[in-house]
Amino acid sequence: MANTPISVTVDQVTYEDDVEPRTLLVQYLREQLGKTGTLIGCDTTNCGACTVHLDGQSVKSCTMFAVQADGHDVTTIEGLAQDGDLHPMQQAFHEKHALQCGFCTPGMIMQSIALLQENPNPTEQEVREGLEGNLCRCTGYQNIVAAVQAAAGAGSAAGTQSEEGAA
Amino acid sequence: MIPTKFAYEAPTSVEDALRLLGEAGDEGKILAGGMSLIPVLKLRLAGPEVLIDLGKIEDLRGIREDGDALVIGAMTPHHVVAHDPLVEQHAGLIAAASKTVADPQVRHRGTFGGGLVHADPAGDLPAPALAMGAEFVVAGPGGTRTVPASEFFVDLFTTAVGEDEILTHVRIPKHTGWGSSYKKFTRVAQQWSIVAVAATVRVENGTIAEAQIGLTNMGSTPIRPAAVEQALVGVSLDEAAVAAATASVAEGTTPPSDTNGDADYRRHLAGVLTKRAVLTAAGA
């Protein structure tokens with residue numbers, strides 16, 4: 001069956017590509033664009049490792065086709081650091097030791113940023129509920145929650161992403 | 001996991017979508033948010049030859065007032081419904097239930113109409129829509145028809161929407177000033193409801209004047225326990241009185257038995273959760 005042309009902006013670069021309709025967004029990011037920072041964990045919409053932002057909102061890229069991103073703006077974990085400086089949420093994960101094996105981390109950071117965009121000053125409970133869609137099998141979540149709270153306390157910068165275009 | 005091959009269509013109008021659906025016949029499938037359909041395709045439990053994506057039809061998104069009703073576009077994401085000021089004000093039960101669907105990422109993509117048409121017995125939107133007396137606007141080759149909630153949910157994963165039809169909007173009668181509560185019982189994060197109870201209640205002079213209730217996952221379709229709704233009229237906001245009025249809520253239901261609990265356990269839960277939902281909705 002025919003490939004479908006798409007135009008999609010990923011990490012501030014616009015790509016014009018032909019994709020097979022059944023290509024998942026995460027496959028497109030990893031295999032066609034080489035953006036392997038976004039990971040595939042469960043591949044069943046549960047674990048959240050593949051979380052990216054679509055027009056500034058967090059989505060699970062294993063449960064979306066690349067063709068559905070046509071005309072939209074995607075930000076991956078690889079688009080966060082600016083001029084070599086970590087995004088404040090990345091910095092907070094680093095400082096609070098919010099990872100062990102690191103597999104959940106890209107998705108966890110993307111969802112944490114989305115969480116603060118919607119709720120800049122969450123309580124601990126709200127952080128835990130906001131990360132409900134992201135599973136970590138190492139940390140017990142303690143330091144992840146601490147990192148998100150630290151990023152929130154560090155100011156609004158953690159919850160903003162100037163590089164993301166409006167929908 | 002990769003789905004089987006399919007052709008992809010992204011029409012920009014309902015008319016074009018209906019035409020494409022008609023042309024595809026039995027081999028066509030509508031794609032809304034995809035939060036249930038895409039996992040099904042990846043597991044190859046379904047393999048449609050044509051996928052018709054409603055994502056580019058702007059008319060199907062958004063929430064507006066229309067007289068005594070709110071009109072919610074079928075493609076409005078859960079996250080938008082959950083935080084919309086009109087929904088909060090006039091249909092608090094829909095907002096409350098939408099906030100509990102799956103997880104934040106799924107609520108960004110998943111749609112109000114998709115969750116209703118999918119009609120999973122454990123889904124969180126059917127019971128509140130039934131309880132509030134929603135009307136479903138369905139477009140087909142012969143025009144548009146409106147289906148009352150009482151006739152919309154036909155069976156497990158089956159609604160009144162025909163193979164050649166598309167749900168476009170849902171009309172929710174305004175319940176301005178009513179309290180509401182959606183009590184969802186789960187054991188772990190992201191879990192589907194083991195049982196959930198939706199209640200919206202109007203209180204007058206310290207007693208319940210009207211109550212509308214819906215049960216999630218207590219049978220193959222959502223259930224509206226009319227006898228309990230009647231029994232609650234005139235009841236004071238007192239735990240014992242509400243418990244007495246709601247005790248029979250599971251009578252006649254046929255909930256599933258599975259690893260999360262057997263049918264009797266679910267019947268017990270339905271009673272406990274109905275009492276709690278009514279008390280919370282009444283502000284007691």
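Residues numbered from 1 in each chain as written. Chains lettered and ligands numbered in written order. Predicted model: local features only at pLDDT ≥ 70, side-chain atom pairs only at ≥ 80, totals over all residues. Heavy atoms only, no water.

(A) Expanded view of the overall build of chain A. Helix and strand counts for chain A stand at five helices and five strands. Computed over the C-alpha atoms, the radius of gyration of chain A is 15 Å, within 12% of the 15 Å expected from 2.2 N^0.38 for a compact globule of 167 residues. If you line up chain A on its principal axes, its C-alpha atoms span 50 × 30 × 25 Å. A burial count over chain A gives 55% of its 167 residues as buried. Residue pairs in contact within chain A that sit at least 24 positions apart in sequence constitute 58% of those at least 6 positions apart. Carbon and sulfur atoms make up 47% of the accessible area of chain A, which amounts to about 7000 Å² in all. The average position of the 7 basic charges and that of the 21 acidic charges among the side chains of chain A differ by 11 Å. (Helix = DSSP H or I, 4+ residues; strand = E, 2+ residues; numbered from the N terminus. Rg over C-alpha atoms; globule rule 2.2 N^0.38 Å. Buried < 20%, exposed > 50% of the residue type's maximum accessible area, 1.4 Å probe, protein only. Contact = heavy atoms within 4.5 Å. Areas by Shrake-Rupley, 256 points an atom, 1.4 Å probe, with all protein chains shown as cover. Lys, Arg positive; Asp, Glu negative; His and termini not counted. Charge placed at Lys NZ, Arg CZ, Asp CG, Glu CD.)

(B) Examining the sheet that holds strand β3 (residues 50–53) of chain B more closely. Residues and elements named next belong to chain B. The strand order across the open sheet built from three strands is β1-β3-β2, with neighbouring strands paired in parallel fashion. In the strand order of this sheet, the two ends are held by β1 (7–9) and β2 (28–31), each with one partner. With direction set aside, neighbouring strand axes in the sheet form an average angle of 25 degrees. The pairing of β1 with β3 spans three bridges and is classified as parallel. Across the sheet, Glu9 pairs through a bridge with Ile52, a residue of β3. Across the sheet, helix α1 (residues 14–24) touches β1, β2 and β3, and the angle it forms with β3 is around 170 degrees. (Pairing = 2+ DSSP bridges. Axes fitted to C-alpha atoms, helices over the stretch in contact; angles between N-to-C directions.)

(C) Structural detail: the domain arrangement of chain A. All names here are of chain A. On domain assignment, one finds that chain A holds domain 1 (4–79) and domain 2 (88–157). The gap between the C-alpha centroids of domain 1 and domain 2 is 21 Å. Facing the 16 residues of domain 1 at the interface are 13 residues of domain 2. Buried surface at the junction of domain 1 and domain 2, summed over both partners, amounts to about 1200 Å²; 60% is from carbon and sulfur atoms. Considering only the surface of domain 1 that becomes buried against domain 2, Leu39, His53 and Ile77 emerge as the three largest contributors, covering 39% of it. Applying the counting rule to domain 1 against domain 2 returns zero salt bridges. (Domains from an automatic or database assignment. Buried area = accessible area lost by both parts, 1.4 Å probe. Salt bridge = Lys/Arg side-chain N within 4 Å of Asp/Glu carboxyl O.)

(D) Region of the structure containing the domain arrangement of chain B. We note that the domain assignment places domain 1 (7–53), domain 2 (61–173) and domain 3 (179–281) within chain B. The C-alpha-based centres of domain 1 of chain B and domain 3 of chain B are spaced at 36 Å.

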